[in-house]
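# Coordinate analysis (summary)
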Amino acid sequence: MSKEFNIVKKLSPNITKGRNGWKPDMIVSHITEGGFNGAVSWLCNPNSGVSAHFVVAKDGKITQLVELTDTAKANGTSVDLKGKNPKMHYSLSTLSKVKDRKTNANYYTISIEHEGFSSEANGRLEPKQLEASIWLHKYIIQEVKRIYGIDIPLDRNHIVGHYQINPVTKPFCPGKNFQFDEILNSLKNDKVGELIKMELAKWQEEMGIKSLDSLSKKKDNNRNPIVNSPDTWKETLAENVPQWLFWSIIDRISK
Ligand SMILES: [Zn+2]
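Residues numbered from 1 in each chain as written. Predicted model: local features only at pLDDT ≥ 70, side-chain atom pairs only at ≥ 80, totals over all residues. Heavy atoms only, no water.

Let us look at unusual backbone geometry. Of the consecutive residues Cys173 and Pro174, the connecting peptide bond is found in the cis state with omega at 5°. Within the element layout of this structure, Pro174 appears in the loop between α5 (162–165) and α6 (180–217). Look at Asn20: it is not a glycine, yet its phi comes out positive at around 55°. Considering the arrangement of structural elements, one finds Asn20 in the loop between β2 (15–16) and β3 (26–31). Asn20 gets classed as exposed once you look at its relative accessible area, which sits at 53%. The phi angle at Lys102 is positive, at roughly 50°, despite the residue not being glycine. Note that Lys102 resides in the loop between α2 (96–101) and β7 (109–114). (Helix = DSSP H or I, 4+ residues; strand = E, 2+ residues; numbered from the N terminus. Buried < 20%, exposed > 50% of the residue type's maximum accessible area, 1.4 Å probe, protein only.)

Encoded structure:
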């Protein structure tokens with residue numbers, strides 16, 4: 001993962017400690033409808049009562065307000081149609097997981113606020129901000145795997161917008177031009193890259209073993225084995241040189 005983005009922590013008091021027994025498997029994007037500093041201070045102000053795990057500025061700055069293991073107050077759903085927030089009821093969500101879980105969606109989500117106004121460009125992120133958001137999505141996915149052992153599925157049921165959770169109260173959050181497809185494509189490409197790397201490593205090992213095998217059967221002009229103890233060579237080399245390459249070259253030269 002590239003290291004060009006940093007996360008600065010400034011923890012908000014507007015949280016619920018822990019996740020009420022749930023594990024996070026959804027990343028929810030928002031738009032702040034305001035500037036970066038104003039958003040950060042509002043989300044940290046006890047009077048607002050709201051928060052988000054992260055805020056991403058237009059210039060790519062990232063501030064973390066809530067620990068991943070705690071519940072942010074960003075995109076909750078109500079559980080009582082006759083209670084005080086019937087328009088936020090879970091049954092109104094367009095996501096089947098939100099409907100099925102019948103609880104406050106804040107418990108199993110991680111929220112990212114993006115600096116901007118939905119009216120500005122219909123939520124379209126600026127290039128640096130988009131890059132930062134993609135980087136942050138990858139960071140969150142890694143951390144959720146490390147902390148909870150959960151692989152967040154790379155689809156639009158798990159990489160979502162606030163409007164999918166609260167379609168009645170937040171239809172424009174983060175806006176219809178928000179780059180969900182670009183974010184998802186980048187996340188998927190990373191996954192493919194990982195699989196290719198794993199396949200390549202397997203192939204390299206097989207190549208190395210084959211080369212080593214054929215090499216140990218070779219004899220020099222005096223009928224002595226060219227490699228007396230392949231294992232010793234292997235140990236000496238350790239991880240310093242890609243072994244398969246080394247052995248393949250030796251194999252070619254000694255033909
Ligand atoms: Zn929102």
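Let's shift gears to the sheet that holds strand β8 (residues 159–161). The strand order across the open sheet built from 6 strands is β1-β5-β4-β7-β3-β8, with neighbouring strands paired in mixed fashion. Of all strands in the sheet, those bounded by a partner on one side alone are β1 (7–9) and β8. On average, adjacent strands in this sheet sit at an angle of 25° to one another, irrespective of strand direction. Across 6 bridges, β3 lies against β7 in parallel orientation. Counted as the bridge partner of Ile27 is Ile110 from β7. Lying over the sheet, helix α1 (residues 36–44) contacts β4 (54–56), β5 (62–64) and β7, oriented at roughly 170° with respect to β4. (Pairing = 2+ DSSP bridges. Axes fitted to C-alpha atoms, helices over the stretch in contact; angles between N-to-C directions. Contact = heavy atoms within 4.5 Å.)

Within the protein, the zinc ion binds to His30 (ND1), His162 (ND1) and Cys173 (SG); these donor distances fall in the range 2.0 to 2.3 Å. Binding-site remark: the zinc ion is held by donors from one chain whose sequence spacing is H-x131-H-x10-C. Placement of His162 in helix α5 and of Cys173 in the loop between α5 and α6 is noted, with a sequence separation of 11 residues between them. In this pair, the class of His162 matches that of Cys173, namely buried. (Donors = N, O, S within 2.8 Å, 3.2 Å for Na, K, Ca; no water.)

Scanning the model with the defined rule gives 4 aromatic pairs in all. Taken together, a centroid distance of 5.5 Å and an interplanar angle of 50° make the contact between Trp22 and Tyr108 tilted. Remark: Tyr108 occurs in the loop between α2 and β7 and Trp22 occurs in the loop between β2 and β3; sequence separation between them is 86 residues. Judged by its relative accessible area of 28%, Trp22 is partly exposed. Residue Tyr108 is classed as buried on the basis of its relative accessible area of 0%. (Phe/Tyr/Trp six-rings, centres within 6.5 Å; stacked < 30°, edge-to-face > 60°.)

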